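Structural overview for review
Okay, here's what each chain looks like letter by letter:
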Amino acid sequence: MKKYIVMAACAVMSFTACVGDLDQFPMSDTTIDSGSIYSNPDYRMGQLAKIYGGFTLVGQSGAGSADIAVADAGASEYLRALWSLQSITTDEVKCIWGDGWVAEINRNTWTSTKNDAIYAAYSRGLMMISFANEYLRNTDDSNPEIAIERAEVRFLRAYAYWTLLDCFGNVPFTTPESPVGAYKPEQIKAKDLYYHIKSELEEITSENSALKAPHTQVYPRIDKGAAYGLLARLTINHKAYLGEEIMDEYDVTMAAAEKVIEAYDLATNFEALFMGDNGENPDALKEMVYTACYDAAKTQSYGGPSYLVLASKNDNSYGIQGGWAGLVIPHEFVAKVIGDQAAEDAQLGSELDYSVVDTRGRFHLRYSTNKEMSITDFPQGWHQCKFNNNRFLNPGVDYSLTESFASIDFPLIRAAEMNLLYAEASCRTGKNANKAVQYFNEVRNRAKQTPATALTLDDVFNEITKELAWEGHRRTTLIRYDLYTSATYLWPYKGGVKSGQGLEDYVKLFPLPIDDLQVNENLVQNPGY
């Protein structure tokens, strides 16, 4: 009989309280047959937790080990790899470290030669899908609770497939019905994968789905709110995936986004969304739709918010000990968020951030000797304090004195994004303009900005730039607005040139890893590589 070794790395998620972390405990290394592993509730929940933890866990021996072949375990984390591809390849941020793969994504000069971030994003996505397929293969909907779990797993699998569609387009495709073992998957075309993901999301949001109604599941488990959120994001980007614009897809975007908007509220305090207690703070939880959960003691990782905080500083501050001095922000990007005048007037070495100008303006110059960014020198450029491991509900404690990792849950989908996607779809179709302005202004009002009376696509793009900065959306957004490869929308080091230059269109997709191509003759490399 097929056997499984249940190891400590197979975490069990606590679903008995609304907490923003994965409660882990060591499990026996007893050999258990596959039937028992899914018939035993504790072991089955361990398998579910492993899928939920796909974005955050890197190996069986803690934060410093990786179960895929990369040079740096921390950089192999699914979320960190995706964030690097979505953010460092754009005008949002650069990294000063000298690793070869970092230089390539800084300058948009990657090739088909192995790049650790590209490889990790691809490999982790396929691993998450494999774990999900295994769970679905060994369970059925006969038990009501398991039926709910299966619907959640289908969402998690759809989310992983969406990341692969967005980054790679044409990828290996497997389902629970695929053979197990020495099997070489066929490659699915981007268009077919788009419709597969859309169909899955429509099915698990249908009236007959076991998935719980939006914003009714215990945190951090997902419900129909997350599925509607991903459906809205998928369809707003359909032109990039299908190669043509279909106006009816924007109707799907608006309908799905509105399901989330109706069930969730915006947090009163923007900063609370990105602090170390955001998974316990009722105000933040009003807005969180789907998150990757972290805990400084229980899910330690050198990726995710730990990376975002540590790599943005060089001292004990923002709730974590130490700093890695890596991530720098172009002056031009900061000006897009806080305005040209505020950015120009900012003083080098100042402790202030610019949330007084715009609530989202969480940038500072405390470490800076020059506002103009360098990709080799940390003090040259701006730095972020949006992600802060101190606790909103316990402001008198400096957690940088005691904690080495972050407890910030990373928002993969939050309600404010849905407000803006609705507004964008409205602008693209000319439909529901009044409602779009209402939803748009809910985001503007929280940021203490002047409400709009009418909207253009430029208005929405500018608001997305401010609201979703550093949340791993930028590359996808720029592609959707035809700006990512444009020779007229430039940023420092775009295309490897300090002043920036246009890119070839093929770099909108990343190359499939050579390792996979060499072992699976069914796969064809993306054009241009």
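Structural notes, computed from the coordinates. The model shown is predicted, which means the values in this text are computed figures rather than measured ones.

**Considering the overall build of the chain**
- Regarding its fold elements, the chain presents 19 helices and 10 strands.
- By the compact-globule yardstick of 24 Å for 529 residues, the chain fits well, its C-alpha radius of gyration being 22 Å.
- Along the three orthogonal principal directions, the C-alpha set of the chain runs to about 70 × 55 × 45 Å.
- The buried share of the chain, reckoned over its 529 residues, is 62%.

**A short note on the nonpolar core**
- Membership of the largest hydrophobic core comes to 156 residues, with the highest contact counts inside it found for F55, F155, F168, L201, Y290 and W382.
- For this core, the leading source of residues is helix α6 (residues 144-168), giving 14 residues.

**A word on the pattern of salt bridges**
- One pass over the structure, following the stated rule, counts 33 salt bridges.
- Here K386 and E471 are joined by a salt bridge, their closest N and O atoms 2.8 Å apart. With K386 in the loop between β9 (383-384) and β10 (410-414) and E471 in the loop between α17 (457-467) and α18 (474-480), this residue pair connects regions lying 85 residues apart in the sequence.
- Across the pair E467 and R446 runs a salt bridge, and its minimum N-O distance is 2.8 Å. Of this pair, E467 sits in helix α17 while R446 sits in helix α16 (residues 433-446), and the two are 21 residues apart along the sequence. Take E467 and R446: they sit in the same class, and that class is buried.
- What emerges from the salt-bridge pattern is a single network uniting E287, D358, R360, K386, R414, R444, R446, E463, E467 and E471.

**Focus: helix α5 (residues 116-137)**
- Taking 1.5 Å per residue as the helical rise, α5 with its 22 residues ought to reach 32 Å, and the 31 Å between its terminal C-alpha atoms agrees with that figure.
- Of all 22 residues in α5, 17 are buried; the element is thus mostly enclosed.
- Between the side-chain oxygen at the start of α5 and the backbone nitrogen of A117 there is a gap of 3.0 Å, and the oxygen is on N115.

**As for the state of the cysteines**
- Taken as a whole and judged by the stated rule, the model has zero disulfides.
- Of all cysteine sulfurs in the structure, the one in C167 sits closest to C95, which takes part in no disulfide; the separation is 18 Å.
- Classification of C95 as buried rests on a relative accessible area of 1%.

**So, the environment of N434**
- Along the chain, N434 turns up in helix α16.
- Take N434: its relative accessible area is 70%, and that puts it in the exposed class.
- Each C-alpha atom of the pair N434 and A454 lies 8.0 Å from the other, and the pair is 20 residues apart in sequence.

**Notes on the packing of aromatic side chains**
- For the coordinates displayed, the defined rule picks out 32 aromatic pairs.
- Ring centres of F155 and Y159 lie 6.0 Å apart, and the angle between their planes is 55°; this geometry places the pair in the tilted category. Taken together, the residues F155 and Y159, both in helix α6 and four residues apart, mark about one turn of the helix. The same class applies to F155 as to Y159, namely buried.
- Here the aromatic residues W83, W97, Y302, Y307, W324, F405 and W470 are joined through ring pairs into a cluster of three or more.

**Observations regarding the pairing of β10**
- Within β10, five of the five residues are buried, leaving the element largely enclosed by the surrounding structure.
- Note: strand β6 (residues 288-292) against β10, four bridges, orientation antiparallel. Directly across from T291, in β10, lies its bridge partner P411.

**Here's the deal with the environment of R107**
- In this structure, R107 sits in helix α4 (residues 100-107).
- The partly exposed category is assigned to R107, whose relative accessible area is 28%.
- Taking C-alpha positions, R107 is 8.8 Å from I88, a pair spaced 19 residues apart along the chain.
- Beyond its immediate chain neighbours, meaning those up to four positions away, R107 contacts I375, Y493, K494, G495 and G496.

Basis of the calculations
- Going along each chain's sequence as written, the residues are numbered from 1 onward.
- Owing to the predicted nature of the model, reporting of local features is limited to residues with pLDDT of at least 70; listing and counting of side-chain atom pairs is limited to 80 or more, with chain, interface and lining totals taken over all residues.
- For the side-chain quantities, the full set of heavy atoms in the structure was used; hydrogens and water were omitted.
- Going along the chain from the N terminus, every DSSP run of H or I of four or more residues is numbered as a helix, and every run of E of two or more is numbered as a strand.
- Using C-alpha atoms as the atom set, the radius of gyration is obtained and then compared with a globule rule of 2.2 Å times the number of residues to the power 0.38.
- Residue burial is assigned from relative accessible area. The probe radius is 1.4 Å, only protein chains are included, and a residue is buried under 20% of its type maximum, exposed over 50%, and partly exposed in between.
- What is meant by a nonpolar core is a set of buried Ala, Val, Leu, Ile, Met, Phe, Trp, Tyr and Cys residues, joined one to another through side-chain atoms within 4.5 Å.
- One speaks of a salt bridge when a side-chain nitrogen belonging to Lys or Arg is within 4 Å of a carboxyl oxygen belonging to Asp or Glu.
- In this scheme, a helix's expected span is set at 1.5 Å multiplied by one less than its residue total.
- Residues adjacent in sequence count toward polar contacts only when both atoms are side-chain atoms; beyond that, a polar contact is any pair of N or O atoms within 3.5 Å, and within protein one must be able to donate a hydrogen and the other to accept it.
- When two cysteine sulfur atoms lie within 2.5 Å, the pair is treated as a disulfide.
- In this analysis, rings of Phe, Tyr and Trp, with Trp reduced to its six-membered ring, are considered paired at centre separations within 6.5 Å, and the interplanar angle assigns stacked below 30 degrees, edge-to-face beyond 60, and tilted for intermediate values.
- Any two strands with at least two DSSP bridges between them are considered paired.
- We call two residues in contact whenever any of their non-hydrogen atoms come within 4.5 Å of each other.

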